[in-house]
Amino acid sequence: MTHRIDATGSNVPIVRVLDVHKSFGAVEVLRGISFDVAKGEAVCIIGPSGSGKSTLLRCINGLVTIDRGEIFVALHAVHRLHKDVEMVALRKDVSIVFQQYNLFPHKTALENVMMAPIDVLKQPRREVEERAYALLKKVRLSGKEQSYPGELSGGQQQRVAIARALAMRPQVMLFDEVTAALDPETRKEVLATIRQLIEEGMTSVLVTHEMAFAREIADHVYFTDHGLIVEDGPPSQLFAAPRKERTRAFLEQIL
Amino acid sequence: MRATPPSPAALICQMRRGGLSQRERRQNQPLSLGKRGRGEGAALFSTRTGVALAIVFVASIAVAQIRTQPASASVLELLVKWTPLLATGFLFNLLISFFAMVVGTASGLLLAFARISPRRSLRGTSWIVVQFFRNAPWLVLLFFVMYLLPFQFRLGSVTIPFPDWIKATLGLALPIMANVAEIVRGAVQSIPTAQWDAARSLAFSRRQTLWKIILPQCVKRMLPPWMNWYAILTMATTLASIVGVSEVMTITLRITNAEGRTDLLIPIYSYVLLWFFLYCYPISRWTRRLEARYGQR
Ligand SMILES: Nc1ncnc2c1ncn2[C@@H]1O[C@H](COP(=O)(O)OP(=O)(O)OP(=O)(O)O)[C@@H](O)[C@H]1O
Ligand SMILES: [Mg+2]
């Protein structure tokens, strides 16, 4: 699926991760991870539980500060940002969607989507509101604007979370196992939403256990284990003919 | 029956004891703040207490009525006569409780922010402050403030008087501050860290996250214990009489001295007690209603 890169006409990495190390106490969670994501590309990260996938995404948007290595996102050198204030600029360019949605329970779906653009980006309320309605429509939640998260199903909440992330107009989207907490039916709705985004050219990094989905939408797949990238390649190759024994064992177990 | 005025200090001791046993439980369990309020509220302002108080009041009047010399005014007449004066004193108690609550809540909020600050030194210092003011006896704090603060301020050429009742208000605000700080800290820390992650990911600053996302979610949890402390504070305002503020207890004492009648003592003090109860009882009921409503979540 290289056509999208051709369409954007460039291969400039918008995310660059170089030799990233991270330990929590004595536990080495990331032990030298490097990869690039070009503009408009969709990259999937797969791997067993505890291999550091979530930590990696959280490093990219600065929720976790790294011990060693470099991370660049758009124009930001993430590894050099330390203060909260410095992080703010980065987080305007990269959004994340969590496994557990993490919506703000005291706000309606619409308010969840509108909050950050108004309070952080200081955009005019009227404009933001219009955009929020459009985004909720895009994730197929028209009519649910005034519902509180507690009144929505898991799949609906997750789509609100996607709309909320998109409302920041990020250059990069990070998805951390966003369908893992959902039942198969609602899973489909969420995957359809993400598929549409990727087709529109949203640069995305997805951690996922949905192998069929990864195979279908990814430009490139990384298999991680114990804080290292074991193998990577285009999905057609990695899924059909993995080179490493570890990858093969993992895929066999999960499929 | 000997007429001994109900000692505010004893009242406070009783309240503190209620608080202590609960505090131990809460240390490992910030979520149980609500339960804590319930325990104290139930002990202090139950309907049963109210009924008992009313019975004591009516009975004391009846007894006094029988024993009164035919020539002198009846106890009931005296109570009616002094009610307006007592009411002004009681209003003063409410005024003190109100201001002490405002000051205590505002400063308690700031103290709570220090308690959860990312800076270690700030966390440590504020912890000591909280521990001190939560565990010091209220009366000691009151005397402390009374004698520490001047009776007036000089701002350039202007002299601002600093009356006793304001000092008493500040003295009572101190323990409220420390307890509010604990309520806020417990509530903030009971919000899942995922909410912080989500807010930070959306580029909210720490302060914005606290004010717009975390604290609004805490209100439900903070309201019952906060109201409970208000009820406790209201009763504690009688402590101000010990340091010479003209609140309802002081006035009661003056009235009994002026009338010089021992048969008035029990009726008038239970009368005042009844007032406090009638003021605090609805607050306590409302607190328990809120707890029941939010408790299950
Ligand atoms: N804040 C933290 N403090 C301490 N240890 C942590 C922290 N965050 C993650 N870890 C540890 O790092 C390791 C990797 O965690 P991570 O969540 O990144 O794995 P993952 O690949 O996303 O797993 P899963 O598929 O289960 O989500 C785990 O052993 C976890 O316990
Ligand atoms: Mg994870």
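Everything quoted here is computed from the prediction, not taken from an experiment.

Draft legend 1. Focus on the site of ligand 1. All names here are of chain A. Within the structure, ligand 1 sits among Phe24, Val29, Pro48, Ser49, Gly50, Ser51, Gly52, Lys53, Ser54, Thr55 and Glu177. For ligand 1, an oxygen atom lies 3.0 Å from a polar atom in the backbone of glycine 52. Within the contact set of ligand 1, an oxygen atom lies 2.8 Å away from a side-chain nitrogen or oxygen of lysine 53. For ligand 1, the protein covers 56% of the area, taking 630 Å² as the surface of the free molecule. Considering every element that reaches the shell around ligand 1, the biggest residue donor is helix α2 (residues 53-60), with 3 residues. Classifying every residue of the shell around ligand 1 gives 3 nonpolar, 6 polar and 2 charged.

Draft legend 2. Up close: the packing of helix α3 (residues 47-67) of chain B against helix α4 (residues 75-115) of chain B. Residue and element names in this part refer to chain B. Their axes nearest at 8 Å, the elements α3 and α4 cross at an angle of 125°. Considering their axes alone, α3 and α4 lie oblique with respect to each other. Along the contact surface, α3 presents Phe57, Ile61, Ala64 and Gln65, while α4 presents Val75, Leu76 and Leu79. Residues that form the contact of α3 with α4 fall into these classes: 6 nonpolar, 1 polar and no charged.

Draft legend 3. Broad picture of a nonpolar patch on the surface. Residues Leu95(B), Phe98(B), Phe99(B), Val102(B) and Val103(B) make up a contiguous nonpolar surface patch of roughly 400 Å² in combined accessible area. Take Leu95(B): it is sitting in helix α4.

Draft legend 4. Fine view of the side chain of Thr224(A). Residue and element names in this part refer to chain A. Mapped onto the elements, threonine 224 comes out in strand β9 (residues 220-225). Exposure remark for threonine 224: the relative accessible area of 3% places this residue in the buried category. Here the side chain of threonine 224 touches serine 51 through a polar contact of 3.4 Å, side chain to side chain. Apart from the residues lying within four places of it in its own chain, the contact partners of threonine 224 are Ile33, Ile45, Ile46, Gly47, Pro48, Ser51, Lys53, Ile229 and Val230.

Draft legend 5. The arrangement of helix α9 (residues 206-236) of chain B in detail. The end-to-end C-alpha distance of α9(B), which contains 31 residues, comes to just 37 Å, noticeably less than the 45 Å that a straight helix rising 1.5 Å per residue would cover. Bending of α9(B) peaks at approximately 50° at the position of Val219(B).

Draft legend 6. Representation of the confidence of the model for chain A. Counting all residues, the mean pLDDT for chain A is 92, and 96% of those residues have values of 70 or more. Under a pLDDT of 50 for its full length, residues 1-9 of chain A has, in the predicted model, 14 contacts with residues more than four places off or in other chains.

Draft legend 7. Focus on the interface of chain A and chain B. Contact with chain A, which involves 24 residues of that partner, is made by 17 residues of chain B. Our count for the contact surface shared by chain A and chain B stands at 2 salt bridges. A salt bridge links Arg58(A) to Asp197(B); the shortest N-O distance between them is 3.1 Å. Run the count over chain A and chain B and you get 8 residue pairs in polar contact (both at pLDDT 80 or more).

Draft legend 8. Spatial organisation of the packing of aromatic side chains. All names here are of chain B. In total, this model carries 17 aromatic pairs over all chains according to the counting rule given. The interplanar angle of 80° and the centroid separation of 5.0 Å between the aromatic rings of phenylalanine 90 and phenylalanine 276 together place this pair among those described as edge-to-face. Placement of phenylalanine 90 in helix α4 and of phenylalanine 276 in helix α11 (residues 265-295) is noted, with a sequence separation of 186 residues between them. The pair phenylalanine 90 / phenylalanine 276 is uniform in exposure class, with both members buried. Both rings, one in phenylalanine 98 and one in phenylalanine 99, keep their centres 5.7 Å apart while their planes meet at 70°; by these two values the pair is edge-to-face. In textbook terms, an aromatic cluster arises when at least three aromatic residues are bridged by ring pairs, as seen for Phe57, Phe90, Tyr230, Tyr271, Trp275, Phe276 and Tyr279.

Draft legend 9. A look at unusual backbone geometry. Positive phi values are uncommon outside glycine, yet Ala74(A) reaches one of about 50°. Its identity as a non-glycine residue notwithstanding, Ala203(B) has a phi of 75°, on the positive side. By the secondary structure assignment, Ala203(B) is in the loop between α8 (193-201) and α9. Overall, Ala203(B) belongs to the buried group, its relative accessible area being 2%.

Basis of the calculations
- Residues numbered from 1 in each chain as written.
- Chains lettered and ligands numbered in written order.
- Predicted model: local features only at pLDDT ≥ 70, side-chain atom pairs only at ≥ 80, totals over all residues.
- Heavy atoms only, no water.
- Near = heavy atom within 4 Å.
- Polar contact = N/O pair within 3.5 Å; in protein donor to acceptor, adjacent residues only side chain to side chain.
- Areas by Shrake-Rupley, 256 points an atom, 1.4 Å probe, with all protein chains shown as cover.
- Helix = DSSP H or I, 4+ residues; strand = E, 2+ residues; numbered from the N terminus.
- Nonpolar A, V, L, I, M, F, W, Y, C, P; charged D, E, K, R; others polar.
- Axes fitted to C-alpha atoms, helices over the stretch in contact; angles between N-to-C directions.
- Parallel < 35°, antiparallel > 145°, perpendicular 65-115°, else oblique.
- Contact = heavy atoms within 4.5 Å.
- Patch = residues over 30% accessible without salt bridge, like charges linked within 9 Å, V, L, I, M, F, W, Y side chains within 5 Å.
- Salt bridge = Lys/Arg side-chain N within 4 Å of Asp/Glu carboxyl O.
- Buried < 20%, exposed > 50% of the residue type's maximum accessible area, 1.4 Å probe, protein only.
- Expected span 1.5 Å × (residues − 1).
- Bend = angle between axes of the 7 residues up to and from the residue.
- pLDDT = per-residue confidence, 0-100.
- Phe/Tyr/Trp six-rings, centres within 6.5 Å; stacked < 30°, edge-to-face > 60°.

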